[in-house]
Structure formats: structure tokens, C-alpha cells
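# Chains, contacts and geometry: an overview
The chain contents come next:
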Amino acid sequence: MEEILIVGLNHKTANVEIRECISFSEKENRESVKYLTSFPYITGAVIFSTCNRTEVIVSTENIEEAQNFIINFLSDFKKIAKERFKDFLYYYLGKEAVTHLLCVAGSLDSMIVGEPQILGQVKSSYTTSSKEKCTNVILNKLFHIAFNVAKKIRTQTKIGNSAVSISYAAIELAKKIFGSLNNKRILLIGAGEMAEIVIKHLARNDIKELFVANRTFENAVKLSSQLTGTPIKFEEILDTIEKVDIVISSTASSSFVLQSQDVVKIIKRRKNSPIFFIDIAVPRDIDPEINKIDGAYVYDIDNLQDVIKGNIEDRKKEMNKAKRLVEEAVISFFKWMGGLELVPIIISLQDKIDGIIKQEFQRSLSDDQLSLDGEENINLMINSIRNKILHDPIIFMKNLGSSHRNKKQYLNAIYDIFNLEH
């Protein structure tokens with residue numbers, strides 16, 4: 001029987017320097033799930049990668065082989081020695097794996113409990129794998145249960161009531177640094193989902209001027225218009241930094257957007273007027289060496305955790321309700337999984353009974369004695385006989401349940417009684 005295995009690391013087990021080494025872009029994700037499912041012991045795979053975690057979720061019949069393969073794959077694909085990341089990995093199997101995935105989708109395992117973005121990110125990862133035909137019936141069922149329980153957590157608990165997110169924390173940090181954002185000039189680099197949320201939070205503050213930079217200038221224009229900001233091209237970033245107080249960066253770049261040597265020159269031209277960099281990207285956008293420059297202060301995603309503790313405590317009070325919903329969903333999933341064990345034996349019984357009945361009819365009646373209507377009636381009779389013969393055995397097997405202590409013995413006995421292949 002196949003099991004669910006999760007191999008991953010997150011903000012609880014690894015710092016941002018390690019997390020960015022194991023993060024996957026959408027393109028890398030597509031390539032990777034195809035490679036993972038080419039391995040004989042992995043029948044389905046989904047890779048979930050955000051700024052706070054990377055997890056490989058697979059369905060497998062050989063846990064040890066699959067686990068070793070995933071670790072070697074991460075090392076080879078990301079070109080990082082196993083020794084650098086292996087100690088930061090966690091492993092979940094079976095019920096623990098299912099519970100973990102449902103908690104992740106429901107935002108119960110996030111850096112910011114209840115953040116709304118996580119479900120969309122889980123759905124996107126699943127869709128990527130599904131389009132590449134790298135999921136199977138087990139993963140399909142698991143992820144749809146995860147989506148359903150996440151929706152219930154959002155609607156049936158108050159876990160998402162307080163307005164907190166990584167983007168929210170970035171703005172709160174900026175306010176904490178300056179006391180107020182009134183009359184502050186801000187440069188936002190990036191125009192993705194995180195940047196859009198930054199804009200929404202900035203709208204509640206009376207900032208003096210906003211600049212938005214993106215590699216695709218059209219996206220910068222679109223995003224900046226939400227707050228009457230000024231769109232700029234990527235090549236204009238360094239010149240713009242010279243006249244702002246805060247830089248918030250959230251791009252999908254695989255390398256630093258801002259280098260230390262560039263900021264040194266900018267600080268000199270600013271006559272050492274301080275500038276604050278808030279980096280909410282993984283991999284990081286802003287060279288951490290910039291923090292060593294007098295007058296330059298860099299905060300990355302790991303520095304945001306203390307900013308939102310108050311709202312986090314409010315959300316944690318709703319955790320018990322949310323965890324009950326998760327537990328119910330886990331029970332539902334494994335009840336369904338238990339039913340999968342019945343499928344082969346039911347098909348075998350049906351085929352055997354069909355064969356017996358058809359053989360008897362063929363022996364008793366020659367083909368030329370049957371009209372078309374008569375043949376159709378006989379087929380209906382065969383189906384009816386088969387269903388009546390198998391009704392009680394099938395009900396008995398279904399009522400055994402996934403946790404019945406003698407379930408395996410009963411199923412093996414049925415295989416033996418009817419001399420079925422298995």
C-alpha cells in the first residue's frame with residue numbers, strides 16, 4: 001500500500017540563508033516533479049516552495065528509497081552539498097504527513113498563523129504538478145481534502161481576523177523604525193502578490209511619495225496606479241534609492257537585486273542620511289553585506305517575526321477549533337484510503353462471478369438460439385445475479401473500516417476462499 005511522505009524544511013528549522021538555497025521557481029518546480037516521478041518508487045509528487053518553506057510531497061511504496069532519492073535530488077538539482085542542509089530537514093510519513101499538509105494549507109504552520117496567501121500557493125503548486133501529470137489518485141484526493149479543510153478553517157474560525165501577513169509585518173516594521181510613515185518616500189521593488197499586499201497596507205498610511213520598480217515596466221505602471229505612485233524602470237533603481245527613506249523588495253530574482261558596492265556610493269551621495277532596506281523575498285533580493293555600511297540598515301524576512309506577536313496570540317486562541325477540523329479531515333482521508341484496498345478484491349470477485357455465469361449460459365445455450373433482445377435480457381440477468389451474490393460480502397468488507405484489527409486477515413481469507421489472485 002502506498003504512503004504519503006513529506007521531506008522539507010521551513011522557517012522553524014532553517015534560517016533564510018539555507019531556505020533560499022533550497023527554494024524552487026515555478027519553472028524549476030515543473031522540471032523537478034517530472035524528474036521525481038520518473039523514479040520507480042515515486043508514483044506522484046508535488047513540490048511546495050515559498051519564502052518560508054520548501055517541501056517535497058510524494059506518494060510511494062518504498063519510504064526509504066524515496067527519502068534517499070529526494071535528498072540526493074535536492075543536493076544535485078540545487079547544487080548544494082547534503083551536509084549543508086540535511087540536518088535542517090524534517091520527515092513526515094503517513095498520518096503525520098497528511099496532518100502536516102492540512103495544517104500548512106490551513107495556515108496553521110505558517111510564520112504568521114492565518115496568513116491568507118498560503119492556500120493559493122498550495123493550490124498553485126498542486127496545479128503545476130497536476131498539469132505535468134505528476135499526481136496520482138492518492139495525491140489528488142489528499143490535496144482536494146486540504147483545500148476543503150483550509151476553506152473551513154477560514155470560514156468557521158476567527159483565525160484570519162487580524163490583519164497580519166509578511167507584507168503587513170514589513171509595513172509595521174517600517175512604522176516601528178520611523179514612528180510614522182508620514183512624509184516618507186518609499187521604493188517598492190517587485191510587482192507580485194506580496195508587493196500588491198504591501199500597496200494595500202501603505203494605502204492606510206500618509207506616505208509622501210511611492211516609487212514602484214519592476215523588470216516588466218507595464219506591471220510597475222499597473223501597481224503604482226493603485227496608490228498614485230511613480231513607476232520606474234529597473235535601470236532607475238539606484239538613482240531612485242538616493243532620494244527615498246525605505247526600500248521594500250519582493251521579487252522572484254535568483255540573485256541580489258541590490259549589491260553592497262552600489263549602496264556604498266549611494267550613501268556617500270546622501271551625505272550619510274540613513275536608509276532602511278526591508279527584504280521580503282526568498283531568495284533574498286538585498287545583499288546582507290549592505291548592513292555593514294554606516295547609515296544602511298537591512299532587515300530580512302526572519303527579522304519580521306517579532307513585529308506581529310500581538311495578533312499572532314489572538315489567532316492562536318482559534319487553533320484548537322482549526323485543529324479539530326484538521327483531525328476530522330485526516331480521519332476522512334484515511335477512511336477513503338482504506339477503501340482503496342477493497343477495489344482490487346471487489347473487481348476480482350466481480351470478474352470471477354461474471355465468468356462463471358457467462359460460462360454456464362454459453363454451455364447451456366448456443367448463440368443461434370438467442371435473439372438480440374434475448375441476449376440483452378440475459379446480460380441484465382447476469383448483472384443482477386452478480387450484484388446479489390456479492391452484495392453481502394462487499395458490505396461486510398466495507399464495514400471492517402481502516403482500523404479494524406483483523407481487517408487484513410479477513411481480506412486475505414476472502415482471497416483464499418474464492419481462489420483469487422493477489
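In case you missed it, the structure is sitting above this.
Only a predicted model underlies this, so the values are computations on that prediction, with no experimental measurement involved.

Bringing the overall build of the chain into the picture now. Regarding its fold elements, the chain presents 17 helices and ten strands. Compactness check: the chain gives a C-alpha radius of gyration of 29 Å against a globular reference of 22 Å for 422 residues, more than 25% above the reference. Overall, the C-alpha framework of the chain stretches about 105 × 45 × 45 Å when taken along its three principal axes. Counting over 422 residues, the chain shows a buried share of 48%. Here the analysis covers contacts within the chain between residues at least 6 apart in sequence; of these, 72% occur between residues at least 24 apart. Looking at the chain as shown, the accessible area adds up to about 21,700 Å², and 47% of this sits on carbon and sulfur atoms. Counting 55 positive and 55 negative side-chain charges, the chain places the centres of these two groups 6 Å from one another.

For the rest of this paragraph, the subject is the sheet that holds strand β6 (residues 209-213). Pairing within the open sheet is parallel, and its six strands lie in the order β7-β6-β5-β8-β9-β10. Of all the strands in the sheet, the pair left with one neighbour each is β7 (230-232) and β10 (296-299). Sheet twist, expressed as the mean angle between neighbouring strand axes with direction ignored, is 20°. Alignment of β6 against β7, held across three bridges, turns out to be parallel. The partner of V212 across the bridge, within β7, is P231.

With that settled, consider the sheet that holds strand β3 (residues 53-60). Taken together, four strands build an open sheet; the order of strands is β2-β3-β1-β4 and the sheet is antiparallel. Every interior strand has two partners, whereas the edge strands, β2 (42-49) and β4 (90-93), have only one. Each strand axis lies, on average, 15° off the axis of its neighbour in the sheet, ignoring direction. Bridging between strand β1 (residues 3-10) and β4 involves four bridges; their strand directions are antiparallel. Across the sheet, residue L5 finds its bridge partner in β4, namely L93. Across the sheet, helix α5 (residues 95-105) is in contact with β1, β2, β3 and β4; its angle to β4 comes to roughly 110°.

Relative to the elements of secondary structure, T157 occurs in the loop between α7 (137-156) and α8 (166-178). Judged by its relative accessible area of 7%, T157 is buried. Polar side-chain contacts of T157 include one of 2.6 Å to the backbone oxygen of I153. The residues contacting T157, other than those within four sequence positions of it, are K152, E318, K321, A322 and L325.

This next bit is on the pairing of β6. Counted residue by residue, β6 has four buried out of five residues, so it is predominantly covered. Summarising the sheet, strand β5 (residues 185-189) and β6 pair through five bridges and their orientation is parallel. Looking across to β6, one finds that L188 is bridged to V212. For the crossover that starts at β5, traverses helix α9 (residues 193-202) and ends in the parallel β6, the hand is right-handed. With helix α10 (residues 217-224) bridging β6 and the parallel β7, this β-α-β connection has right-handed handedness.

In this section: the pattern of salt bridges. Using the criterion set out here, one finds 14 salt bridges in the structure. Residue E172 is joined to K175 by a salt bridge in which the shortest nitrogen-to-oxygen separation is 3.4 Å. Residue E172 and its partner K175 are located together in helix α8, separated by three residues, close to a single helical turn. Overall, E172 belongs to the partly exposed group, its relative accessible area being 24%. K175 gets classed as partly exposed once you look at its relative accessible area, which sits at 27%.

Here we come to the nonpolar core. By size, the foremost hydrophobic cluster in this structure holds 37 residues, and its most contacted members are L102 and F143. When residues of this core are traced back to their parent elements, those giving at least two are β1, β2, α5, α6 (117-131), α7 and α14 (319-340). When residues of this core are assigned to their parent elements, the largest contribution, ten residues, is made by α7. If sequence neighbours within four positions are ignored, L102 has contacts with L142, I145, A146, V149, V326, A329 and V330. In terms of nonpolar packing, the next biggest core, distinct from the first, is built from 31 residues, I186, L202, I207 and L210 among them.

Procedures and definitions
- Residues numbered from 1 in each chain as written.
- Predicted model: local features only at pLDDT ≥ 70, side-chain atom pairs only at ≥ 80, totals over all residues.
- Heavy atoms only, no water.
- Helix = DSSP H or I, 4+ residues; strand = E, 2+ residues; numbered from the N terminus.
- Rg over C-alpha atoms; globule rule 2.2 N^0.38 Å.
- Buried < 20%, exposed > 50% of the residue type's maximum accessible area, 1.4 Å probe, protein only.
- Contact = heavy atoms within 4.5 Å.
- Areas by Shrake-Rupley, 256 points an atom, 1.4 Å probe, with all protein chains shown as cover.
- Lys, Arg positive; Asp, Glu negative; His and termini not counted.
- Charge placed at Lys NZ, Arg CZ, Asp CG, Glu CD.
- Pairing = 2+ DSSP bridges.
- Axes fitted to C-alpha atoms, helices over the stretch in contact; angles between N-to-C directions.
- Polar contact = N/O pair within 3.5 Å; in protein donor to acceptor, adjacent residues only side chain to side chain.
- Right-handed = clockwise from strand over helix to strand, strands pointing away.
- Salt bridge = Lys/Arg side-chain N within 4 Å of Asp/Glu carboxyl O.
- Core = buried A, V, L, I, M, F, W, Y, C linked by side-chain atoms within 4.5 Å.

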